[in-house]
Every structure is written in C-alpha cells, then in structure tokens.
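Chains, contacts and geometry: an overview
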Amino acid sequence: LWDDEYVCVMRKGHPLAGSELTLDAFCAAHHLLVSFSGRAHGFVDQALAALNRTRRIVLTVNQFFTAGRVVTHSDLLTVLPRRFVPATGLAHELVLHRLPLALQGVHVEVLWHQRHDRDPAHRWMRDHIFAAAASRR
C-alpha cells in the first residue's frame, strides 16, 4: 500500500471501487465529511478550491469511526487517515483509494484550561498524546 497519510474510503461494491479514482469522479461523487467543528468544509475542500474544484458533501459526522460505519452501508465516499482504517474493525468491508489530489499537512493543537495543568490524570493524558504525536514525526 502507498504511504499517503489520508485515503479515500468507500464500501466494497461501490461503483468507483473497481477502478482508478480520478479527480472528476471524486468531485462528482457524494461525500461524507468528518468535521469536528460541524462545518461542512474541511482541508480536502481547501485543496480542491486551490484547483477551482468542489465536491458534494451530503453528510457530516464528528468521528472517524462513524464515518467508516456509514460508508460501509452507503455509496458515500469519505477521507480518513490511512492508519486509522484498521482500527475501525471495518477494513474488510472497505476499499481504499489514493486521493486524486495532493493535501497539505493538517495542523493539530492541544489546548486545556490552566486549572488542569497540575491535575495528575490530565497531565498523564497530555503526556500520552504528546508521546503518540512525537512517535509519528
């Protein structure tokens, strides 16, 4: 499998599953967007806008797992982190395609209220998040 960070995910049997995914086919398909903010516009849409292209987002959810589950029962496409797909437990029901466009890296920040700075449980969680992020670099 290629080394791309994000992949286009669809169900096995999807009309686009058996062929190369072109930019035209990607843009014409119906999409599910994982949006933590609730907005129906994400980093894939920013990359498409730079190419003067758009896609049709018909559903947004706030979790990668939910996206995987919905895609297995629909003709929607979604974009997921490639490394996350096995964690869904649905990999055997999904087809992964290389995205037909280049994406920029996604910037993620960790924020917390200062009252939690010295909380041992909160510190433990932050340390684990930082360690996981550092191991990906």
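All of the points below concern the structure found in this document. Source: prediction; values computed, not measured.

**As for the nonpolar core**
Formed by 18 residues in total, the largest nonpolar core has its most connected members in Cys-8, Met-10, Phe-26, Leu-48, Leu-77, Leu-99 and Leu-101. Only β1 (6-11), α1 (23-28) and α2 (43-50) provide two or more residues apiece to this core. Not counting residues within four places of it along the chain, the set of residues in contact with Cys-8 comprises Leu-21, Phe-26, Leu-77, Thr-78, Val-95, Leu-96, His-97 and Leu-99. Counting 12 residues, the second-largest nonpolar core is a separate cluster that includes Val-7, Val-9, Val-71 and Leu-90.

**Section: the sheet that holds strand β5 (residues 94-98)**
Here we have three strands laid out as an open sheet, ordered β4-β1-β5, and antiparallel in their pairing. The strands lining the two open edges of the sheet, one partner per strand, are β4 (78-81) and β5. Averaged over all pairs of adjacent strands, the angle between their axes in this sheet comes to 45°, without regard to strand direction. Judged from the four bridges that link them, β1 and β4 form a sheet pairing that is antiparallel. Along β4, the bridge assignment pairs Val-9 with Thr-78. Strands β1, β4 and β5 of the sheet are contacted by helix α3 (residues 64-72), whose axis makes an angle of about 135° with β4.

**Some points on the side chain of Arg-55**
As for its placement among the helices and strands, Arg-55 is situated in the loop between α2 and β3 (56-61). In this structure Arg-55 comes out as buried when scored by relative accessible area, which is 9%. Polar side-chain contacts of Arg-55 include one of 3.5 Å to the side chain of His-31. Polar side-chain contacts of Arg-55 include one of 2.7 Å to the side chain of Asp-45. Apart from residues lying up to four places away in sequence, Arg-55 is in contact with Phe-26, Cys-27, His-31, Leu-33, Val-44, Asp-45, Leu-48 and Val-79.

**Remarks on the side chain of Arg-126**
Within the secondary structure, Arg-126 sits in helix α4 (residues 120-136). Here Arg-126 sits buried without a salt bridge, and the closest side chain of opposite charge, Asp-117, lies 4.3 Å off (N-O distance). Setting aside its immediate chain neighbours within four residues, Arg-126 contacts Trp-112, His-116 and Asp-117.

**Examining the pairing of strand β2 (residues 30-34)**
With four of its five residues buried, β2 lies for the most part within the structure. When β2 meets β3, the two strands line up parallel, connected through five bridges. Bridging across to β3, His-31 finds its partner in Ile-57.

Conventions and cut-offs
- Residues take numbers from 1 onward in each chain, read along the sequence in its written order.
- Totals for whole chains, interfaces and linings use every residue, but because this is a predicted model, local features are given only for residues with pLDDT of at least 70 and side-chain atom pairs only at 80 or more, for both listing and counting.
- Working from all heavy atoms in the structure, the side-chain values ignore hydrogens and water.
- As used in this record, nonpolar core signifies buried Ala, Val, Leu, Ile, Met, Phe, Trp, Tyr and Cys residues forming a set joined through side-chain atoms within 4.5 Å.
- Partly exposed residues are those whose accessible area sits between 20% and 50% of the maximum for their type, while under 20% is buried and over 50% is exposed, using a 1.4 Å probe and protein chains only.
- We count a stretch as a helix when DSSP gives it H or I for four or more residues in a row; a strand needs E for two or more, and each element gets its number in order from the N terminus.
- Any two residues having at least one pair of non-hydrogen atoms within 4.5 Å are treated as being in contact.
- Following DSSP output, two strands are said to pair if at least two bridges run between them.
- Each axis is a line fitted through C-alpha atoms, and for a helix only the stretch in contact is used; angles between axes span 0 to 180 degrees, taken between their N-to-C directions.
- Each polar contact in these results corresponds to two N or O atoms within 3.5 Å; when the atoms are within protein, one needs to be able to donate a hydrogen and the other to accept it, and residues that are neighboring in sequence are counted only if both atoms are side-chain atoms.
- By the counting scheme adopted, Arg and Lys are positive, Glu and Asp are negative, and His together with the chain ends is not counted.
- Think of a salt bridge as a Lys or Arg side-chain nitrogen and an Asp or Glu carboxyl oxygen that are within 4 Å of each other.

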